[in-house]
Amino acid sequence: MVAETGRRLSLVWGVALWAVCFFPMVVSAAATDRASGKPNIVVFLVDDMGPMDTSVPFMTDEAGKPKRYPLNDYYRTPGMERLAKQGTRLNNFYAMSVCSPTRTSIVTGQNSARHRVTQWIRSENNNKGPLGPPQWNWTGVDNTDITLAGVLKKAGYRTIYIGKAHFGPNDAKTEFPHNLGYDINVGGCSWGQPGSYYGEHGYGHLKGNKKRAVPDLEKYHGTDTFLTDALGFEARTLIEQAAEDDVPFFLHFAPYALHAPFQSNPRYAKNYADSGKSKPAQAYATLVESMDKVLSELMDSIEKEGLAENTLILFLGDNGGDAPLGPTHQHNSSFPLRGKKATHYEGGMRTPFIAAWAKPDPSNKWQKKMPIAQGAINQQIGTVMDLYPTVLNLVGADIPKGHDIDGHDLAKQIAGAEPNPERPNRFLMHFPHSHRSSYYTAFRLGDWKLIYHYAPKMNPAKVRYELFNLKDDPFEKNNLADKEPNKVKRLVNAMIKQLDTEGALYPVDEQGKEMRPVLPG
């Protein structure tokens, strides 16, 4: 009996010893095998997030070092802090001023002037505006041969879309992401805001704005699961499935947050109760913190599955912030930047951007191909069009023949703080529609920024030209157009040249005649 017991103990200890010695070798071999395959790509696209909606400082001082402002101490984003510590921030990163144009630019690599999705897309009817160009691309870009997901799918990726889509209207091919090259779609449809953030409301199906009810999340209806959390749960499940199936994945994660309605997440409400800010502003902060928590959880899940060294994360917003903190065109919700979402000032077009490997490892094959400096901040211009060539160049997929792009590979910029000398230092944002700022083109060339108004009386400034030197006046307080007429003329000429190159459509007057830019007299 004693001998038998001894044999059993010996067997148990033998198995345990095998596990201790051999299991790490198995895990290491699996990790090595995965590293030899294609890298995973995560695009984490936050709705309506400006560069000040975070505890991570994106502004810099004169020496190029991160500089904190009061809003950085209001918001709580430890997940973004973690990501920024592992990677590189761009503090002059530009998007279009509203969502649908940016989202289309990300998946095509084209400027909105070229793809002509120049306005946010209303689901039910064409919202070109009173003077908007009749031929603008209200139904979106539906060619899967050229979309980022379509190209990656052909390259062997499992392509996953989760959250807000807003690529096209109801009944168009672009209404749902699975028609744009995504194998899986959870929650994406034609509208740009949720019916509700509350599971108790069924995200709009049971209570709230039923015309904007979020699809595909029925199993959470009637629960206390916040919308952002539900989308995060779905993302982690699909990451686990991709790991189990041993396939590379492209996850396009786009929470509906931070878009209105500004509904507070009770889980974080106490963190802002004594802030002295309004209830809507406190609710907005809980949306920020909810998003950030999901970012942390996704990073944890990727690491748990042994995929972190082989996964690139690109974090950004789709336009300027929309925090309910003051007048639209002034220095409030994105302080110290001027303006907010849907305006032509920096607060309307600048967004946070962080590129990082989910777990830095200089020995990793893909990290050798695209090294990313840790804790760095690069001040050179970057844009939403850049994601397309950056991702495709990393994975070795060709840009489709005949498909013109306006983006540039960010690899050299995210390798450290030094600028890429090959990159043009310019950005053009064309908006021939009505919104908070209406009928304008914003054009940045080097340190100078021109805002051209096609209908001056319809904008707060009531002038045709606004000119700012962003090096001397980064917060756009002094319009130099009257003092620098020659500079205005040069910038207008350069702007016209780029608009023509990209095939831009212009606003039309009441007689239907194009309102093309005019030079100062």
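Above this text sits the structure in question.
Structural notes, computed from the coordinates. What you are looking at is a predicted structure, and each value in this text was computed from that prediction instead of being measured.

## Quick notes on the overall build of the protein chain
Counting its secondary structure elements, the protein chain contains 13 helices and twelve strands. For the protein chain, the spread of C-alpha atoms along the principal axes amounts to about 105 × 50 × 45 Å. For the protein chain, buried positions account for 59% of its 521 residues. If you sum the accessible surface of the protein chain, you get close to 20600 Å²; carbon and sulfur atoms cover 53% of it. Placing the 60 positive and 56 negative side-chain charges of the protein chain at their respective mean positions leaves the two points 3 Å apart.

## Some thoughts on the side chain of N265
Secondary-structure assignment places N265 in the loop between β5 (249-254) and α8 (279-304). Within the structure, N265 has its side chain in polar contact with the side chain of S290 (distance 2.8 Å).

## A word on the sheet that holds strand β7 (residues 353-357)
Judged by pairing direction, the sheet is mixed, and its eight strands sit side by side in the order β4-β3-β5-β1-β6-β7-β2-β8 without closing on themselves. Two strands in the sheet have a free side with no partner beyond their single neighbour: β4 (184-186) and β8 (376-383). Taking each pair of neighbouring strands and ignoring which way they run, the sheet shows an average axis angle of 15°. Bridge analysis of strand β2 (residues 88-94) against β7 gives two bridges, and the strand direction is antiparallel. Residue pairing in the sheet places R89 in a bridge with I354 of β7.

## What to know about the environment of R444
Within the secondary structure, R444 sits in strand β10 (residues 440-445). Relative accessible area serves as the criterion here: at 9%, R444 is assigned to the buried category. For the pair R444 and F427, spaced 17 residues apart in sequence, the C-alpha to C-alpha distance is 5.1 Å. Beyond its immediate sequence surroundings of up to four residues, R444 is in contact with N92, Y94, E346, I381, N425, R426, F427, K449 and L470. From its side chain, R444 meets the backbone oxygen of G446 in a polar contact 2.8 Å long.

## Things to note about the pattern of salt bridges
On inspection of all chains with the given rule, the structure shows 25 salt bridges. The closest approach of N and O atoms between D145 and K154, which form a salt bridge, is 3.0 Å. Taking relative accessible area as the criterion, D145 reaches 41% and is therefore assigned partly exposed. As a salt-bridge pair, R423 and D386 come within 2.9 Å of each other at their nearest N and O atoms. You can see R423 sitting in the loop between α12 (411-414) and β9 (426-431) and its partner D386 sitting in the loop between β8 and α11 (387-395), a full 37 residues away along the chain. Residue R423 shares its accessibility class with D386, and that shared class is buried. Bridged by salt links that share partners, the residues D47, R103, K164 and D318 form one connected network.

## Describing the sheet that holds strand β12 (residues 465-469)
Here four strands make up an open sheet; going across it, the order is β9-β10-β11-β12 and the pairing antiparallel. Here the strands that pair on one side only, and so sit at the sheet edges, are β9 and β12. Adjacent strand axes in the sheet meet at a mean angle of 10° when their direction is disregarded. Where β9 lies against β10, six bridges are found, and the strand directions are antiparallel. Note on β10: the bridge partner recorded for H430 is T441. Across the face of the sheet, helix α13 (residues 485-502) comes into contact with β9, β10, β11 (448-453) and β12 while running at roughly 110° to β10.

## Considering unusual backbone geometry
A cis amide bond links A257 with the next residue in sequence, L258, at an omega value of 25°. Turning to its location among the elements, L258 is positioned in the loop between β5 and α8. In this model, A260 is joined to P261 through a cis peptide bond whose omega is 10°. Examined against the element boundaries, P261 turns out to sit in the loop between β5 and α8. Here Y203, not a glycine, exhibits a phi torsion of approximately 55°, which is positive. Phi is positive for E476, close to 55°, though the residue is something other than glycine. Considering the arrangement of structural elements, one finds E476 in the loop between β12 and α13. Judged by its relative accessible area of 0%, E476 is buried.

Definitions and limits used
Residues numbered from 1 in each chain as written. Predicted model: local features only at pLDDT ≥ 70, side-chain atom pairs only at ≥ 80, totals over all residues. Heavy atoms only, no water. Helix = DSSP H or I, 4+ residues; strand = E, 2+ residues; numbered from the N terminus. Buried < 20%, exposed > 50% of the residue type's maximum accessible area, 1.4 Å probe, protein only. Areas by Shrake-Rupley, 256 points an atom, 1.4 Å probe, with all protein chains shown as cover. Lys, Arg positive; Asp, Glu negative; His and termini not counted. Charge placed at Lys NZ, Arg CZ, Asp CG, Glu CD. Polar contact = N/O pair within 3.5 Å; in protein donor to acceptor, adjacent residues only side chain to side chain. Pairing = 2+ DSSP bridges. Axes fitted to C-alpha atoms, helices over the stretch in contact; angles between N-to-C directions. Contact = heavy atoms within 4.5 Å. Salt bridge = Lys/Arg side-chain N within 4 Å of Asp/Glu carboxyl O.

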